Every structure is written in structure tokens, then in C-alpha cells.
Amino acid sequence: MAPEIPKEQWAQVFEKTGGPIEYKKIPVQKPGPDEVLINIKYTGVCHTDLHALKGDWPLETKLPLVGGHEGAGVVVAKGDLVDSIEIGDHAGVKWLNGSCLACDFCMQADEPLCPNPLLSGYTVDGSFQQYCIAKAAHVAHIPKECPLDGVAPVLCAGITVYKGLKESGAKPGETVAIVGAGGGLGSLAQQYAKAMGLKVIAIDTGDDKKKMCEELGAHAYIDFAKSKDVVKDVQNATEGGLGPHAVLLVAVSEKPFQQAAEYVRPRGTVVAIGLPAGAFLKAPVFGTVVKMITIKGSYVGNRKDTKEAIEFYRRGLIKAPYKIAGLSELQSVFDKMEKGDITGRYVLDTSK
Ligand code: 8ID
Ligand code: ZN
Ligand code: ZN
């Protein structure tokens, strides 16, 4: 029997950049021929959602906007052309809601680089609502054994850091510094790094985050606010003081983007993932040349990365802590995020 779909639903909506966000009832949309309608049960809150609300980036959002791009739920309707997923299947709405599938980038499985992407919770409405539309080709397939609250953060944070770790080229046994380790991406990055056989140096601030990083198995924790010399401290935490083989930058401030090239090991790779407003990367030319270092960006992941990142989770390898709040409480989650007060991730229950 086809599930009953209401005409109206609860959503978090903002009419203009900067807010306010309003928790209110809006109509449920119908999926187009190549789309599915997903009844979102849980949705993670990514710092990207806060950047979107604040207008931090040189890319405009749709307005009014329903944010959110870590939505996990159940397919309740699908368009006539959709045969890759069935009603009743579990599915995830991720940042890349859709892409053209025909450009050079899409053809080579680099679909995040598509010049005409649909971005969930940014250029199309996302998962801060009970019923969300997504292109069937891009929807994440979630095995039924994965709890929908736990898997939600994998849909952006997990995919992104897994891809970033692959892009870093770090090999089992090597060391990766995770900068912003106490946040959403950082906590998942520690788990993926561990599962990939890497040693982790966690960098963040505060005792709560320290405790979590230690519980997640970090080899060392450096508190950037207490450290007198972050560069030295990171190097000293590695064998022979040579520095980590890779650095994953998932912080939301500019400073660490200006330090990483100094402490990365010769031949090492710095991967920029965090997107602080108006920030620039900095590296000394001399050190970059004579240490032969690589500095690169990494942006979410493709459909295969998505499948792989979820498979790590299904196998029980990814256990990052999260707290649950109601969809109605999004503003208070943003307030905590703004202050850097969230250890791990917040996941919203869309029924509350
Ligand atoms: O595809 C991508 N590249 C992608 C995908 C998803 C998210 C990029 N992002 C971006 C987000 O837009 C955001 O800019 O990654 C960034 C991190 O997102 P998040 O993990 O959701 O944010 P968070 O939970 O607030 O964690 C940020 C952490 O950074 C720490 C904070 O204490 C917090 O724990 N931090 C800061 I601010 N300054 C730091 C510093 N100097 C720092 N940690 C270490 N050193
Ligand atoms: Zn995100
Ligand atoms: Zn394309």
C-alpha cells in the first residue's frame, strides 16, 4: 500500500539572508519524473547550513530557503522515470542533490565539479523539512540495517572527510592532523582515518572536545587556544618531529589555513575542506618548494564515495558521537555552533 502523504508539513524556512529562520508549515511538493520524495526522519546540522543562513560565501542561495543536506529517511513517492530506487527504500539527501550527468566532470565521476549542480539546502530546498525532493540519480542508498539518526551525519560530513582523506594520499600507518577535530566533520574524520589505518593528531580547543578526541582514539590532542606554538606542537607529536604526512583542514577560522603548510611533513599534503568566510590559504614559497608539499582543496564526494562512506558506517567502523534535538530547535543549534560549543554533530528529529 502506498504511504499516505500529507499536503502540509513542518519546515525551517528563511526568507532573507541573515534570517530569521521560521519554523512553520509549508506545502509538500510532488516529485518530477526523475525525482523522489523522501520522508526525512533525521537530518544533521552542518556548519554549511549556518554559512548559507549568514550569506558567508560568494554564491547566492535560493530564497526563501529550506536548508539542510544530511537528511535520512524513507522514499514515499517517485517520478515515472525512476527505476533505481523503490518506495519504502531508505535514502539520503546529500549536498549534491543533482547534477547534469552530461558534462566532462559528470562523465568522469567528478560530479561535484559540474557547472550546473543542484545543491540541497542552498540552491534547492533541503532536509530541514519532513518531505524533501531529490534527484533519484544522486540520492544516497541507505541499507535498512543503518539507523537513520546515526547515518545522517555521514551524508555530508562522512562523505566529505572520507573523500578528503583519499585525496590526501595518506597511507596506512601514516599520520594525519585533523584541524577542527572536535566538530562535526572533525569527529567523523577521526573515525574514517582510524578505519583507514591512519594515526590522528587532533587539533581543536576545550576539554569537552579533548575528551571526545581521546575517546575516538586520537594519538595526540593539541588545544590551539592553549598552545604557545601550534606549529611546533604538531611537529613534536610526530615521529622525529618531521610533521604529519597529511593535514585535513575542517576548521571554520582562517588562522589554521595559514599554519598547515609550515608543519606538514616534506612530501606531505594539506587538504582544505573547511570554508571560513573570506579566508585565504597561505604558505611560504621557500618551504613549499624545498619540502615539495602539496596543497589542495576537496569538495564533498561523488556517488561512489557516498556508497563507500556509507559502507564503512554499515560495517560499524564509524561511531562518532551526536546529540539529538527537534527540527523546531534548529535556531538554538545554530547559536551553539556559532559559539563553537558543539562537540561532534547535532542531528534533528523531524517529528519534533
Ligand atoms: O565539501 C566540503 N569542502 C565541505 C563539506 C561540508 C562542510 C566543507 N564543509 C565546511 C563547512 O562549511 C565548515 O566551514 O567544513 C567546515 C566545518 O564544518 P563542521 O564540521 O560542520 O563545523 P563545526 O562542527 O562547527 O566544527 C568546526 C570546528 O573547528 C574548530 C571549532 O572549535 C569546531 O570544533 N576550530 C576553529 I572555529 N578554529 C580552529 C583552529 N584554529 C578550530 N580547530 C583548530 N584550530
Ligand atoms: Zn555539509
Ligand atoms: Zn555535469
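Worth saying up front: this structure is predicted, and the values here are computed from it rather than measured.

A.B. asks: Mind showing me how you'd approach the UniProt feature "domain: Enoyl reductase (ER)" (unreviewed entry) in the protein here?
C.D. replies: Look at the UniProt record and you will see "domain: Enoyl reductase (ER)" (unreviewed entry) annotated at residues 18-348. Structurally, residues 18-348 comprises 26% helix and 24% strand, and the distance from its first C-alpha atom to its last is 21 Å.

A.B. asks: Would you take a moment to explain the pattern of salt bridges for this structure?
C.D. replies: Two side chains of opposite charge can pair, provided their charged atoms sit close to one another. For the structure shown, the criterion picks out 21 salt bridges. Here Lys135 and Asp34 are joined by a salt bridge, their closest N and O atoms 3.2 Å apart. Taken together, the residues Lys135 in strand β8 (residues 131-135) and Asp34 in the loop between β2 (21-27) and β3 (35-45) connect sequence positions 101 residues apart. The salt bridge partner of Lys209 is Asp204, with a shortest N-O separation of 3.9 Å. Grouping residues by exposure puts Lys209 and Asp204 together as buried. Three or more residues joined by partner-sharing salt bridges are found here, namely Lys163, Lys166, Lys304, Asp305 and Glu308.

A.B. asks: Can you walk me through the coordination of the zinc ion (ligand 3) in this structure?
C.D. replies: The coordination sphere of the zinc ion (ligand 3) contains the protein donors Cys100 (SG), Cys103 (SG), Cys106 (SG) and Cys114 (SG), at a distance range of 2.3 to 2.4 Å. For the zinc ion (ligand 3), the four donor atoms are set out with angles of 105 to 117 degrees between them, so the coordination reads as tetrahedral. Look at where the donors of the zinc ion (ligand 3) fall in the sequence and you get C-x2-C-x2-C-x7-C. Of this pair, Cys103 sits in the loop between β6 (96-98) and α2 (104-107) while Cys114 sits in the loop between α2 and β7 (118-119), placing them eleven residues apart in sequence. Of the two residues, Cys103 and Cys114, neither departs from the other in class, the shared state being buried.

A.B. asks: Would you take a moment to explain helix α6 (residues 207-215) for this structure?
C.D. replies: For the α-helix, the turn length of 3.6 residues means that residues three or four positions removed from each other point alike. Along α6, the positions that sit buried rather than exposed are Lys209, Met212 and Cys213. Taken down its axis, α6 places every buried residue within 100 degrees of arc, on the same side. Opposite the buried face of α6, at more than 90 degrees from it, the exposed residues are Asp207, Lys211 and Glu215. Residues of α6 that are buried make contact with α5 (184-195), β11 (199-204) and β12 (220-223). Just downstream of α6 lies Gly217, where phi reads positive at about 95 degrees.

A.B. asks: Looking at this structure, how should I read the domain arrangement of the protein?
C.D. replies: For an interface, size is often stated in terms of accessible area lost upon the parts coming together. Under the domain assignment, the protein is made up of domain 1 (8-156 + 301-349) and domain 2 (158-297). Just the C-alpha atoms count here: the centres of domain 1 and domain 2 sit 26 Å apart. Surface buried jointly by domain 1 and domain 2 totals about 2,100 Å² across both partners, of which 62% is contributed by carbon and sulfur atoms. At the boundary of domain 1 and domain 2, one finds three salt bridges. A salt bridge links Lys166 to Asp305; its shortest N-O distance comes to 3.0 Å.

Reading the values: the criteria
- Residues numbered from 1 in each chain as written.
- Chains lettered and ligands numbered in written order.
- Predicted model: local features only at pLDDT ≥ 70, side-chain atom pairs only at ≥ 80, totals over all residues.
- Heavy atoms only, no water.
- UniProt positions renumbered as here; feature names shortened; annotations may be inferred.
- Helix = DSSP H or I, 4+ residues; strand = E, 2+ residues; numbered from the N terminus.
- Salt bridge = Lys/Arg side-chain N within 4 Å of Asp/Glu carboxyl O.
- Buried < 20%, exposed > 50% of the residue type's maximum accessible area, 1.4 Å probe, protein only.
- Donors = N, O, S within 2.8 Å, 3.2 Å for Na, K, Ca; no water.
- Tetrahedral: all angles 85-135°; square planar, octahedral: opposite > 155°, others 65-115°.
- Arc of directions from axis to C-beta.
- Contact = heavy atoms within 4.5 Å.
- Domains from an automatic or database assignment.
- Buried area = accessible area lost by both parts, 1.4 Å probe.

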